[in-house]
Amino acid sequence: MVPGEHRGYGIEFTINTSPDKINFLDTLVIKNTDGLLSTDLYFKSTDRNSLLHFDSLHPPSTKRSIPRAQYQRVQRIVSNTETREPHIEGMTRKFQARGYPLALLENSQTTSNTPRRDNTRRIPFVHGFHPSVYVLHRAIRKHWPLLSTAYPNIPEFKQPFLPCFKRAPNLRDTLVKADIGPSTVTRQLFLNAPRRGTFPFLHCAQCNNVLKGDTITHPRSGAIFSFIWFSLILLASLAFIGTSELSEL
């Protein structure tokens, strides 16, 4: 862009420079007087309280997890313990302004200090979402000790299973595709060069009714055909010949 060209369009560009601090996303990196680096939360001057309102119709588990995730974000980014507590108090005020009960926020602060459970040895149970799936979860948790008792040498059974929801297909998956692919789709049905004759058609459900061989004899006229891809015997003792090259011997 040529300097000064943007002024006629009402566009302004600003740049902030500092010899001892730099921001990236929500993190502010500060160079201390002792030469060490510390990190703090960074907020833009136009920042607004856009946290999800507690009266939203989102799932209850989502509204319970948001405060815990935000408190963990404060603890992860703010390296100075003296400034960490004011950030946590400010985060609590933001959530209260969005209708979150104080008891939930206090519980989220407590659980945010708890080390996360190691899920690497837990068995995932992946399935789609359904309102009644929690009944299945309770049944599995109730009888899960049977596995740990029957197989004490398997460490995965000593920990509870890990329920995982698989996202259902939505309209975006149908309409938006990174690669639309070729206009005509071709399938490779043979690993090697196809042989002439009649053979079962891979996963065909009528394989038991296929007349196999290099030639086919018509059940009524007695004519012999070669190079037939498939032949299905119907109830009326007739033969349905699939589309292919036919040559009567």
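Since the structure is predicted, the reported quantities are computational estimates derived from the model, not experimental observations.

**Q** Which residues make up the nonpolar core, and what values go with them?
**A** Ranked by size, the top nonpolar core spans 13 residues in total, and within it Leu41, Tyr71, Val74, Met91, Phe95, Tyr100 and Leu105 carry the most contacts. Elements with a minimum of two residues in this core: α1 (60-77), α2 (81-97) and α3 (102-112). The biggest single contributor to this core is α1, with four residues. Excluding anything up to four places from it in sequence, phenylalanine 95 contacts Leu51, Ile66, Pro67, Gln70, Tyr71, Tyr100 and Leu105.

**Q** Can you break down the packing of α2 against α3 residue by residue, with the values?
**A** Contact geometry for α2 and α3: axes closest at 10 Å, N-to-C directions at 145 degrees. Remark: the crossing between α2 and α3 carries right-handed chirality. In this structure, α2 contributes Ile88, Thr92, Phe95 and Gln96 to the contact, and α3 contributes Leu102, Leu105 and Gln109. The residue makeup of the contact of α2 with α3, split by class, is four nonpolar, three polar and no charged.

**Q** Provide a residue-level description of the side chain of histidine 137, including the pertinent values.
**A** Tracing the backbone shows histidine 137 in helix α4 (residues 133-150). For histidine 137, a relative accessible area of 3% puts it in the buried group. Polar side-chain contacts of histidine 137 include one of 2.9 Å to the side chain of histidine 127. Setting aside chain neighbours within four positions, we find histidine 137 in contact with Phe125, His127, Phe161, Pro163 and Phe165.

**Q** Requested: an account of the packing of aromatic side chains, with residues and values cited.
**A** This structure, assessed with the given rule, holds eight aromatic pairs. On the numbers, 6.1 Å between centres and 70 degrees between planes, the contact of phenylalanine 125 with phenylalanine 161 is edge-to-face. Note that phenylalanine 125 is positioned in strand β4 (residues 124-128) and phenylalanine 161 in the loop between α4 and β5 (162-166), a separation of 36 residues in sequence. Judged by relative accessible area, phenylalanine 125 falls into the partly exposed class, the value being 27%. Judged by its relative accessible area of 4%, phenylalanine 161 falls in the buried class. Counting every residue linked through ring pairs, the aromatic cluster contains Phe125, Trp144, Tyr151, Phe157 and Phe161. When the ring centre of phenylalanine 54 is taken as origin, the NZ or CZ atom of lysine 63, which lies over that ring, is 5.1 Å away.

**Q** Now, about unusual backbone geometry: what can you tell me, with residues and values included?
**A** Even without glycine at this site, leucine 25 takes up a positive phi of about 55 degrees. If you trace the backbone, leucine 25 turns up in the loop between β1 (21-24) and β2 (27-31). The exposure class assigned to leucine 25 is exposed, which follows from its relative accessible area of 66%.

**Q** If you had to explain the pairing of β2 to someone new, which residues and values would you point to?
**A** Within a regular strand, side chains alternate between the sheet's two faces. Relative to β2, β1 is paired through four bridges, and the arrangement is antiparallel. Residue pairing across strands places isoleucine 22 opposite valine 29, the latter belonging to β2. A loop of two residues connects β1 with β2, the two strands running antiparallel in sequence, and leucine 25 in this loop sits at a positive phi of about 55 degrees. Where β2 meets strand β3 (residues 37-41), five bridges bridge the pair, whose relative direction is antiparallel. When the sheet's bridge partners are listed, valine 29 is paired in β3 with threonine 39. As consecutive antiparallel partners, β2 and β3 are separated by five residues, and within that stretch glycine 35 has a phi angle of approximately 90 degrees, a positive value.

**Q** Mind laying out the confidence of the model for the protein chain, listing which residues take part and the relevant values?
**A** Predicted coordinates in areas of low pLDDT are best not read in detail. Residues of the protein chain with pLDDT of at least 70 account for 68%, and the chain-wide mean is 76. Here residues 227-249 is modelled with pLDDT under 50, and outside its nearest four sequence neighbours on either side it reaches 57 contacts, counting other chains as well.

**Q** So what's going on with the pairing of β5? Residues and values would help.
**A** Here β4 runs beside β5; their pairing, made up of five bridges, is parallel. The partner of glycine 128 across the bridge, within β5, is lysine 166. Remark: the β4/α4/β5 crossover connection has right-handed handedness.

**Q** Kindly report on a nonpolar patch on the surface, identifying the contributing residues and their values.
**A** Taken together, the side chains of Phe129, Tyr134 and Phe165 define a hydrophobic patch exposed on the protein surface, amounting to about 320 Å² of accessible area. On the accessibility criterion, tyrosine 134 (37% relative accessible area) is partly exposed.

About the cut-offs
- Residues numbered from 1 in each chain as written.
- Predicted model: local features only at pLDDT ≥ 70, side-chain atom pairs only at ≥ 80, totals over all residues.
- Heavy atoms only, no water.
- Core = buried A, V, L, I, M, F, W, Y, C linked by side-chain atoms within 4.5 Å.
- Buried < 20%, exposed > 50% of the residue type's maximum accessible area, 1.4 Å probe, protein only.
- Helix = DSSP H or I, 4+ residues; strand = E, 2+ residues; numbered from the N terminus.
- Contact = heavy atoms within 4.5 Å.
- Axes fitted to C-alpha atoms, helices over the stretch in contact; angles between N-to-C directions.
- Left-handed = near helix turned anticlockwise from the far one by under 90°.
- Nonpolar A, V, L, I, M, F, W, Y, C, P; charged D, E, K, R; others polar.
- Polar contact = N/O pair within 3.5 Å; in protein donor to acceptor, adjacent residues only side chain to side chain.
- Phe/Tyr/Trp six-rings, centres within 6.5 Å; stacked < 30°, edge-to-face > 60°.
- Lys NZ or Arg CZ within 6 Å of the ring centre and 35° of its normal.
- Pairing = 2+ DSSP bridges.
- pLDDT = per-residue confidence, 0-100.
- Right-handed = clockwise from strand over helix to strand, strands pointing away.
- Patch = residues over 30% accessible without salt bridge, like charges linked within 9 Å, V, L, I, M, F, W, Y side chains within 5 Å.
- Areas by Shrake-Rupley, 256 points an atom, 1.4 Å probe, with all protein chains shown as cover.
- Salt bridge = Lys/Arg side-chain N within 4 Å of Asp/Glu carboxyl O.

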